[in-house]
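Overview (structure and organization)
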Amino acid sequence: MSTLKDLLTADMRSALKARDELTTSTLRMALAAIGNAEVAGAEKRELSDDEVLAVLTREAKKRREAAAAFANAGRTEQADRERAEGKVLERYLPKQLSDEELAEVVAGALAAGGFTGQRQMGPAMKAAQAAVAGRAEGSRVAAEVRRQLAAG
């Protein structure tokens, strides 16, 4: 059975043979982050595909934030590099929800849980995050949950 980590390793080897420096270095960095996550904690363990996706999502978010920081500092070359690395990582992530799709999923989760007010933000966020399942960044989900709870 092929795992996401195996796919990343195979793609890195292919990029290495093709002398694709950007893809090679990006996947090498992603595999290192996965390795670090595997040894974090009391004992080394294999990550599930969902946990590997979570690591890749974190790494993609770091790239977006770094690109924005470099762009704001006027360092366009570094910003472009970070964006390019983010694009490589996005190949392995689930398709992100549009704003309309996100609103629909969050509305369904809030209705299913019976959440109506701002006081229920914590449990509502937990339900919404479970429904979204990594297809939208946490800050987008939180903003949508807040908006719908305030309107409801």
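Look up a bit, the structure's there.
Throughout, a residue's number is its position along its own chain's written sequence, starting from 1. Reporting in this predicted model follows two pLDDT cut-offs: at least 70 for local features of residues, and 80 or more for side-chain atom pairs to be given and counted; totals over whole chains, interfaces and linings ignore these cut-offs and use all residues. Hydrogens are left out, water is left out, and the side-chain values use all remaining heavy atoms of the structure.

Bringing the overall build of the protein chain into the picture now. Secondary structure assignment for the protein chain yields 7 helices and 0 strands. Numbering of helices and strands runs from the N terminus, with a helix taken as a DSSP run of H or I at least four residues long and a strand as a DSSP run of E at least two residues long. Seen in sequence order, the protein chain has helices and strands lined up from the N terminus as α-α-α-α-α-α-α. Expressed along its principal axes, the backbone C-alpha trace of the protein chain runs to roughly 55 × 45 × 30 Å. Burial here depends on accessible area, computed with a 1.4 Å probe over protein chains only, as a share of the maximum for the residue type. Under 20% is buried, over 50% is exposed, and the range in between is partly exposed. Per-residue burial for the protein chain yields a buried fraction of 33% across its 152 residues. The contact definition used throughout considers only heavy atoms, calling two residues in contact when any of these lie within 4.5 Å. Relative to all contacts within the protein chain whose residues are 6 or more apart in sequence, the contacts with residues 24 or more apart total 61%. Element-wise, carbon and sulfur atoms account for 54% of the exposed surface of the protein chain, whose accessible area totals about 9200 Å². Counted as positive: Lys and Arg. Counted as negative: Asp and Glu, with His and the chain ends omitted from the count. Charge placement uses NZ in Lys and CZ in Arg. For Asp and Glu, CG and CD serve respectively. With 24 positive and 23 negative side-chain charges, the protein chain shows a spacing of 2 Å between the two charge centroids. Methods summary: accessible areas were calculated by the Shrake-Rupley approach with a probe of 1.4 Å, and residue burial reflects only the protein chains presented.

Helical geometry: 3.6 residues make up each α-helical turn, so side chains three or four residues apart lie on a common side. Its 15 residues give helix H5 (residues 99-113) an end-to-end C-alpha distance of 21 Å, which sits within 8% of 21 Å, the value for a rise of 1.5 Å per residue. Among the residues of H5, those classed as buried are Leu102, Ala103, Val106, Ala109 and Leu110. For H5, the angular spread of buried residues about the axis comes to 135°, placing them on one side. Looking at H5, the residues exposed on the side facing more than 90 degrees away from the buried face are Glu100, Glu104, Ala111 and Ala112. Lining the buried residues of H5 we find helix H6 (121-132) and helix H7 (138-151). Once H5 ends, the next one or two residues include Gly114, with phi positive near 70°. The span expected for a helix works out to 1.5 Å for each residue beyond the first. Arc definition: directions from the helix axis to the C-beta atoms.

Let us look at helix H3 (residues 49-72). In this model H3 runs 35 Å from its N-terminal to its C-terminal C-alpha over 24 residues, within 8% of the 34 Å that 1.5 Å per residue would give. Along H3, the residues classified as buried are Val52, Val55, Leu56, Glu59, Ala60, Arg63 and Ala67. Packed against the buried residues of H3 are helix H1 (4-17), helix H2 (21-39) and helix H4 (76-90). Looking at the residues trailing H3, positive phi occurs at Gly74, about 80°.

Patch members must show over 30% relative accessible area and no salt bridge, and they are joined within 9 Å when carrying like charges or within 5 Å when they are nonpolar side chains of Val, Leu, Ile, Met, Phe, Trp or Tyr. When a carboxyl oxygen of Asp or Glu lies within 4 Å of a side-chain nitrogen of Lys or Arg, that pair is called a salt bridge. A surface patch of negative charge is lined by Asp6, Glu46, Asp49 and Asp50. Relative to the assigned elements, Glu46 resides in the loop between H2 and H3.

This paragraph deals with unusual backbone geometry. Of note in this structure, Arg19 is not a glycine but carries a positive phi near 60°. Given the relative accessible area of 76%, Arg19 is considered exposed.

A few words now on the packing of H1 against H2. When two helices pack together, their arrangement is captured by the angle between the axes and the distance separating the axes. Running from amino to carboxyl end, H1 crosses H2 at an angle of 150°, the nearest separation of the two axes being 9 Å. Comparing the axis directions of H1 and H2 gives the class roughly antiparallel. Judged by the twist between their axes, the crossing of H1 over H2 is left-handed. The segment H1 lies against H2, with Lys5, Leu8, Thr9, Asp11, Met12, Ala15 and Leu16 engaging Thr23, Thr24, Leu27, Arg28, Leu31, Ile34 and Glu38. Considering only residue class, the contact of H1 with H2 consists of 7 nonpolar, 3 polar and 4 charged. Note on method: axes are straight lines fitted to C-alpha atoms, helices fitted across the in-contact stretch only, with angles between N-to-C directions ranging 0 to 180 degrees. Note that the term roughly parallel is reserved for angles under 35 degrees, roughly antiparallel for angles over 145, roughly perpendicular for angles of 65 to 115, and oblique for everything else. If you view the pair so one helix is near and one far, a crossing is left-handed when the near helix is turned anticlockwise from the far one by less than a right angle, and right-handed when it is turned clockwise. Residues are sorted three ways: Asp, Glu, Lys and Arg are charged, Ala, Val, Leu, Ile, Met, Phe, Trp, Tyr, Cys and Pro are nonpolar, and all the rest, Gly among them, are polar.

Following the sequence through the fold, Thr24 ends up in helix H2. Using a relative accessible area of 6% as the deciding quantity, one classes Thr24 as buried. Polar contact criterion, stated in full: a pair of N or O atoms within 3.5 Å, where within protein one must be able to donate a hydrogen and the other to accept it, and residues adjacent in sequence count only if both atoms are side-chain atoms. For Thr24, the side chain forms a polar contact with the main-chain oxygen of Ala15, separated by 3.5 Å. Setting aside anything within four residues of it in sequence, one finds Thr24 in contact with Met12, Ala15 and Leu16.

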